[in-house]
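Listed here are the chains, written in short residue letters.
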Number of protein chains: 2
Amino acid sequence: MERKETIFHAATRLFADKGYKETSMSEVAKLTGVAQGTIFYHFKSKEDLFLAILEEFKSNVNDEFEKWVNNHSFSNGLDMLESALDFYLYLASIMEDRFMILYRHDAYELALHNPIFGQYLESIYDHLVDIFEKAIISGRNDGSIADVSPKKNAMLIFTMVDGLVRFNTYKLYDAGTLYDELVKACRKILTQT
Amino acid sequence: MERKETIFHAATRLFADKGYKETSMSEVAKLTGVAQGTIFYHFKSKEDLFLAILEEFKSNVNDEFEKWVNNHSFSNGLDMLESALDFYLYLASIMEDRFMILYRHDAYELALHNPIFGQYLESIYDHLVDIFEKAIISGRNDGSIADVSPKKNAMLIFTMVDGLVRFNTYKLYDAGTLYDELVKACRKILTQT
DNA sequence: GTTAAAACTGACTGATCAATCAGTCAAATA
DNA sequence: TATTTGACTGATTGATCAGTCAGTTTTAAC
């Protein structure tokens, strides 16, 4: 692995675990096994390093979403929605550190001064909510989902599955046992008018 | 207002707006209009000041919950749950700054070294989820709510209303129009088996 | 083998921070 | 009036931080 890549991963881990402000560049250097100066050779500033991490996250969410749509077929919209719930949990598990960064306020803070952070954040959230919205629209068309607002219900479902991921991340509750109840709840919400 | 109280409120505002780490004690002093040293006369450290804020928040949630239970009567459990949704949104609006502090990671970070932070956080969250659980149990007894798991569904409903508050706080979506859909969703979830 | 560019180093700088402390001051008490 | 006490001040301290830079090492091209 390239030095730059190693620095990138070490920083991702530390920003996720400790937060942006709480992580010093010397810690990143120490964890990577390089001198402090090396980091600034590859990334022009601490903020630049963070931006690179967020950009890669955005791209990964994009790519994974494409892969999911292309490699799955659904019998109907309701089926697609249940698959989307799985997909969300899968995403959150393979990108656990990036999701933790999303749950922290660091990126929002930086977005106030650097609008590119805002753009990336918006893009990530739009994609995540979109997954459910597309499934609901599809379900309304094929009749597997009742006449409900796609956008609003997508957001409600997003808040539930996202909350479940948070419970899991913060180890506040066994999210596994909550999952079945979540699926049931979604079915109830979407099959009644 | 006492000096100590003024410092307390200035710090609450700053910790909510900028975050704990990002707020310097000299900023708190400046906003309050006192010398830096005065803060350390009243609070032995920055952490101690934050702890005081979180403790007061915990007590306020406690008190407000008591007031709500004592001053309201409900025709049945489902009615109580809908009132609980209102109550949650009311709490989040009158304690907007404290909720923002809850959404930040600062307190969780400090909880790793100082378990009292953990205790306060747990107490706050327990109370917030409890509101919904109590309503569901009551509804199951009076028949207005179907045979569903009180704890799990309380947590799902908590994630939804909490997500709605977050949308509102971060101004990502007009939470007002989402509220009606949330109430409908809760009714669907709780009245079917 | 020579040369040039790219990668890397770590001591250093200036800024910022939480916390300290010797001392001021006004109000309360004797 | 004299003394004590509690509230307050702000210059200072030592630690930590992001970022710099002059110099070294490695790699690649010829």
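Residues numbered from 1 in each chain as written. Chains lettered and ligands numbered in written order. Predicted model: local features only at pLDDT ≥ 70, side-chain atom pairs only at ≥ 80, totals over all residues. Heavy atoms only, no water.

(A) Geometry of empty space enclosed by the protein. By the definition in use, this model includes two cavities of 30 Å³ or more. Every residue lining the largest cavity is counted, 27 residues in all, and those nearest its centre are Asp162 and Arg166 of chain A together with Tyr103, Asp162 and Arg166 of chain B. Mapped by element, the contributors of at least two residues to the lining of the largest cavity are α6 (96–103) and α9 (150–169) of chain A together with α6 (96–103) and α9 (150–169) of chain B. Of the residues assigned to the lining of the largest cavity, the class counts are 16 nonpolar, six polar and five charged. When its volume is computed, the second largest cavity comes out at roughly 120 Å³. In terms of lining residues, the second largest cavity is bounded by Gly19, Lys21, Glu22, Arg104, His105, Asp106 and Glu109 of chain A together with Glu22, Arg104, His105, Asp106 and Glu109 of chain B. Its residues assigned to classes, the lining of the second largest cavity comprises no nonpolar, three polar and nine charged. (1 Å grid on protein atoms, 1.4 Å probe; cavity = no way out; pocket = protein on both sides within 12 Å on 5 of 7 lines; lining within 4 Å. Points joined across faces, edges and corners; volume = space filled by probe spheres on them. Helix = DSSP H or I, 4+ residues; strand = E, 2+ residues; numbered from the N terminus. Nonpolar A, V, L, I, M, F, W, Y, C, P; charged D, E, K, R; others polar.)

(B) Looking closely at the protein's contact with DNA strand D. Neighbouring residues of DNA strand D: 14 residues in total, closest Lys46 of chain A together with Arg3, Thr38, Tyr41 and His42 of chain B. Considering DNA strand D, the proportion of its atoms within 4 Å of the protein that are sugar or phosphate atoms stands at 76%. Between a phosphate oxygen of DNA strand D and a main-chain N or O atom of methionine 25 of chain A, the distance comes to 2.7 Å. A distance of 2.9 Å is found between a phosphate oxygen of DNA strand D and a backbone nitrogen or oxygen belonging to alanine 35 of chain B. If you list the elements that add at least two residues to the surface near DNA strand D, you get α3 (36–42) of chain A together with α3 (36–42) of chain B. Residues belonging to the surface near DNA strand D are distributed by class as follows: five nonpolar, seven polar and two charged. (Near = heavy atom within 4 Å. Polar contact = N/O pair within 3.5 Å; in protein donor to acceptor, adjacent residues only side chain to side chain.)

(C) Spatial organisation of the pattern of salt bridges. All names here are of chain A. Applying the stated criterion to the full structure yields 27 salt bridges over all chains. In this structure, glutamate 133 and lysine 151 form a salt bridge, with 4.0 Å as the shortest nitrogen-oxygen distance. Of the two residues, glutamate 133 is situated in helix α8 (residues 115–142) and lysine 151 in helix α9; the sequence distance between them amounts to 18 residues. Overlapping salt bridges, with partners in common, bring together Arg13, Asp17, Glu56, Asp97 and Arg98 in one network. (Salt bridge = Lys/Arg side-chain N within 4 Å of Asp/Glu carboxyl O.)

(D) Expanded view of the protein's contact with DNA strand C. In the neighbourhood of DNA strand C, 14 residues make up the surrounding shell, with Arg3, Thr38, Tyr41 and His42 of chain A together with Lys46 of chain B lying closest. Across the atoms of DNA strand C situated within 4 Å of the protein, the share located in sugar and phosphate is 76%. In the environment of DNA strand C, a phosphate oxygen lies 3.0 Å from a nitrogen or oxygen atom belonging to the side chain of arginine 3 of chain A. Separating a base nitrogen of DNA strand C from a backbone N or O atom of glycine 37 of chain A is a distance of 3.5 Å. At the level of secondary structure, the elements contributing two or more residues to the surface near DNA strand C comprise α3 of chain A together with α3 of chain B. The leading source of residues in the surface near DNA strand C is α3 of chain A, at four residues.

(E) Molecular detail of the side chain of arginine 98 of chain A. All names here are of chain A. Mapped onto the elements of the fold, arginine 98 is located in helix α6. The exposure class of arginine 98 is buried, given its relative accessible area of 12%. Here aspartate 97 takes part through its side chain, which lies 2.9 Å from a polar atom of the side chain of arginine 98. In contact with arginine 98, other than residues within four places in its own chain, are Thr12, Glu56, Phe57 and Asn60. (Buried < 20%, exposed > 50% of the residue type's maximum accessible area, 1.4 Å probe, protein only. Contact = heavy atoms within 4.5 Å.)

(F) Representation of the relation of the copies chain B and chain A. Between chain B and chain A, which share one sequence, the superposing operator has a rotation angle of 180° and an axial displacement of 0.0 Å; the RMSD is 0.1 Å. Such values leave the two copies arranged in the relation of a two-fold axis. Counting the interface residues of chain B, we find that 100% of their copies in chain A are interface residues as well, pointing to one common contact surface. (Least-squares fit on C-alpha atoms with pLDDT ≥ 70 in both.)

(G) Structural view of the domain arrangement of chain A. All names here are of chain A. Here the domain parsing of chain A yields domain 1 (1–43) and domain 2 (48–191). Computed over C-alpha atoms only, the centres of domain 1 and domain 2 are separated by 28 Å. When the two sides are added together, the surface that domain 1 and domain 2 hide from each other amounts to roughly 1200 Å², 74% of it contributed by carbon and sulfur. For arginine 13, the salt bridge is made with aspartate 97, and the minimal N-O distance between the two is 3.9 Å. In this structure, the connection of domain 1 to domain 2 is made through four residue pairs in polar contact (both at pLDDT 80 or more). Counting residues per element, the side of domain 1 that touches domain 2 draws most heavily on helix α1 (residues 3–18), which supplies eight residues. (Domains from an automatic or database assignment. Buried area = accessible area lost by both parts, 1.4 Å probe.)

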